[in-house]
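Letter by letter, the chains look like this.
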Amino acid sequence: MELTDKIKKLKKEKNAVILAHNYQLPEIHDIADFVGDSLGLSMSAAKTDAEIIIFCGVHFMAETAKILSPQKTVLLPDKNAGCPMADMINADDLKSLQDAHPKAVTLCYVNTSAAVKAQCDYCCTSANALKMAQNILKNNEEIIFIPDKYLAQYVADQVGRKFITWEGYCPTHAKILPENIMQAKKLHPRAKVLVHPECKPQLTELADVVASTEKMCAYVQNAPDTEFIIATEIGIIYRMKKENPGKSFYPASDMATCPNMKRINLEKVLWSLEDLTYEITVPQDTMDKARLSIERMLQVT
Ligand code: 13P
Ligand code: SF4
């Protein structure tokens, strides 16, 4: 039997659902029940009826699914699929920052560990970071935004404020340079430039659209344009081509690939279903505190 057939059969038998991030390999997109961005994946995890969630993404995403669906078994097919940006801050680091700024409200990017989320007031993803910041600023003066310094700067510029930030960043998005965009624009002068807000500010300045991965997918589908330069992890281009066969997509840089996202493959998904590996667990009190910051986000979104 083909690997994909085995996965489909076992998935049904075990009442499992496969959730996949937009940066996953094409074959993972093709077997997933839902493909999306961090926000869409959190929402799907919160509302699924399945008993088992196979999470094709990185550790913090599977942890977020577990926090939102604690009664379910959440499995990450490769236990080493982490996010270097999420690992750039821990709960002690955040505590020191909060002690230094006692009046500030903490807004944490979803790319953080459960322990860090447990210490935050609000969570956000790249899809709703601006909305979350605007909402917080209605009643508060100061925002601690962690860990992504580039996303923090992008949102701070949009709301015309200065945030208290952390030196975190995504190594994959940081590989994309302004000269890559300039070069791509020369080759494809009619193309619209889409940039993820995890990219450096010199890149967002060159963008026609700054958006999360899901909003990028919606934009390319709805826009009358037919050519697009994509400045984010290149895995998303498979989905864009599949959904828009008549349009052309050019990666801003072929270097923008996330090795952690690419750890998951069909064999590992099958083993995960067969052996129920690797189960994500979070201590109960951490989970309960972290859920508050995520639910506050879902209420605003
Ligand atoms: P989104 O898909 O939420 O835009 O996130 C991008 C990312 O880098 C996830 O790790
Ligand atoms: Fe983390 Fe960047 Fe990979 Fe997303 S693309 S998982 S932010 S390293």
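All figures in this text were calculated on a predicted structure; none of them were measured in a lab.

Calculation notes
- Residues numbered from 1 in each chain as written.
- Chains lettered and ligands numbered in written order.
- Predicted model: local features only at pLDDT ≥ 70, side-chain atom pairs only at ≥ 80, totals over all residues.
- Heavy atoms only, no water.
- Helix = DSSP H or I, 4+ residues; strand = E, 2+ residues; numbered from the N terminus.
- Rg over C-alpha atoms; globule rule 2.2 N^0.38 Å.
- Buried < 20%, exposed > 50% of the residue type's maximum accessible area, 1.4 Å probe, protein only.
- Areas by Shrake-Rupley, 256 points an atom, 1.4 Å probe, with all protein chains shown as cover.
- Phe/Tyr/Trp six-rings, centres within 6.5 Å; stacked < 30°, edge-to-face > 60°.
- Lys NZ or Arg CZ within 6 Å of the ring centre and 35° of its normal.
- Near = heavy atom within 4 Å.
- Polar contact = N/O pair within 3.5 Å; in protein donor to acceptor, adjacent residues only side chain to side chain.
- 1 Å grid on protein atoms, 1.4 Å probe; cavity = no way out; pocket = protein on both sides within 12 Å on 5 of 7 lines; lining within 4 Å.
- Sits in = over half its atoms within 2 Å of the grid points.
- Nonpolar A, V, L, I, M, F, W, Y, C, P; charged D, E, K, R; others polar.
- pLDDT = per-residue confidence, 0-100.
- Points joined across faces, edges and corners; volume = space filled by probe spheres on them.
- Pairing = 2+ DSSP bridges.
- Contact = heavy atoms within 4.5 Å.

Concerning the overall build of the protein
On a plain count of helices and strands, the protein comes out with 15 helices and 12 strands. For a compact globule of 301 residues, the expected C-alpha radius of gyration is about 19 Å, and the protein comes in at 19 Å, within 12% of that figure. Counting across all 301 residues of the protein, residues that qualify as buried make up 55%. Surface accessibility of the protein: about 13200 Å² in total, with carbon and sulfur atoms responsible for 49%.

Overview of unusual backbone geometry
With omega at -10 degrees, the peptide bond leading from Ile 146 into Pro 147 counts as cis. For Pro 147, the position within the fold is in the loop between strand E7 (143-146) and helix H8 (149-159). The omega torsion of the bond from Thr 277 to Tyr 278 falls at -15 degrees, within 30 degrees of zero and hence cis. Mapped onto the fold, Tyr 278 is located in the loop between helix H14 (266-275) and helix H15 (284-300). Unlike most non-glycine residues, Asn 15 shows phi in positive territory, near 50 degrees. Counting through the fold element by element, Asn 15 comes out in the loop between helix H1 (3-13) and strand E1 (16-21). Look at Asn 15 and you get partly exposed, because its relative accessible area is 32%. Even without a glycine there, the phi angle at Leu 276 is positive, about 55 degrees.

A short note on the packing of aromatic side chains
Inspection of every chain in the model, using the stated rule, returns four aromatic pairs. The interplanar angle of 85 degrees and the centroid separation of 6.4 Å between the aromatic rings of Tyr 219 and Phe 228 together place this pair among those described as edge-to-face. Tyr 219 sits in the partly exposed class, given a relative accessible area of 25%. Here a set of aromatic residues connected by ring pairs shows up, and it is made of Tyr 219, Phe 228 and Phe 249. Here the guanidinium or amino end of Arg 296 rests over the ring plane of Tyr 122, the centre of that ring lying 5.8 Å away.

Thoughts on the site of ligand 1
Near ligand 1 there are 13 residues, and of these His 21, Ser 38, Ser 126, His 196 and Thr 213 occur at the shortest range. For ligand 1, an oxygen atom lies 3.4 Å from a polar atom in the side chain of Asn 111. His 196 places a side-chain nitrogen or oxygen 2.7 Å from an oxygen atom of ligand 1. Considered on its own, ligand 1 offers 300 Å² of accessible surface; in the complex 97% of this is hidden by protein. Using a 2 Å cut-off from the grid points, one finds that ligand 1 occupies the largest pocket. Its residues assigned to classes, the shell around ligand 1 comprises three nonpolar, eight polar and two charged.

Remarks on the confidence of the model for the protein
In low-pLDDT segments, the atomic positions of the prediction should not be examined closely. In the predicted model, the protein carries a mean pLDDT of 97, and the fraction of residues at 70 or more is 100%. Highest mean pLDDT in the protein belongs to strand E11 (residues 227-231) (99); lowest belongs to helix H3 (residues 38-47) (89).

Remarks on empty space enclosed by the protein
Summed over the entire model, instances satisfying the criterion amount to one cavity of 30 Å³ or more. There is about 50 Å³ of room inside the largest cavity. Ser 38, Leu 41, Ser 42, Phe 55, Phe 60, Met 61, Thr 64, Ala 65 and Val 110 are the residues that line the largest cavity. The element best represented in the lining of the largest cavity is helix H4 (residues 59-68), accounting for four residues.

A look at the sheet that holds E11
Sheet architecture is open: four strands sit in the order E10-E9-E11-E12, paired in parallel fashion. Only two strands of the sheet have a single partner each, and these edge strands are strand E10 (209-210) and strand E12 (248-251). Relative to E11, strand E9 (residues 192-195) is paired through four bridges, and the arrangement is parallel. Paired with Leu 194 across the two strands is Ile 230, which belongs to E11.

Points about H8
Within H8, burial applies to Tyr 150, Leu 151, Ala 152, Tyr 154, Val 155 and Ala 156. Those residues of H8 that are buried lie in contact with strand E5 (105-109), helix H7 (129-137), E7, strand E8 (164-165), helix H11 (201-204) and E10. One side-chain oxygen at the N-terminal end of H8 lies 2.9 Å from the backbone nitrogen of Tyr 150; it belongs to Asp 148. With its phi angle positive at about 70 degrees, Gly 160 sits one or two positions after the end of H8.

A few points about the environment of Leu 151
Of note, Leu 151 is situated in helix H8. A sequence separation of 103 residues divides Leu 151 from Thr 48, and the C-alpha atoms of the two residues are 30 Å apart. Excluding residues within four positions of it along the chain, Leu 151 makes contact with Tyr 109, Ala 129, Phe 145 and Pro 197.

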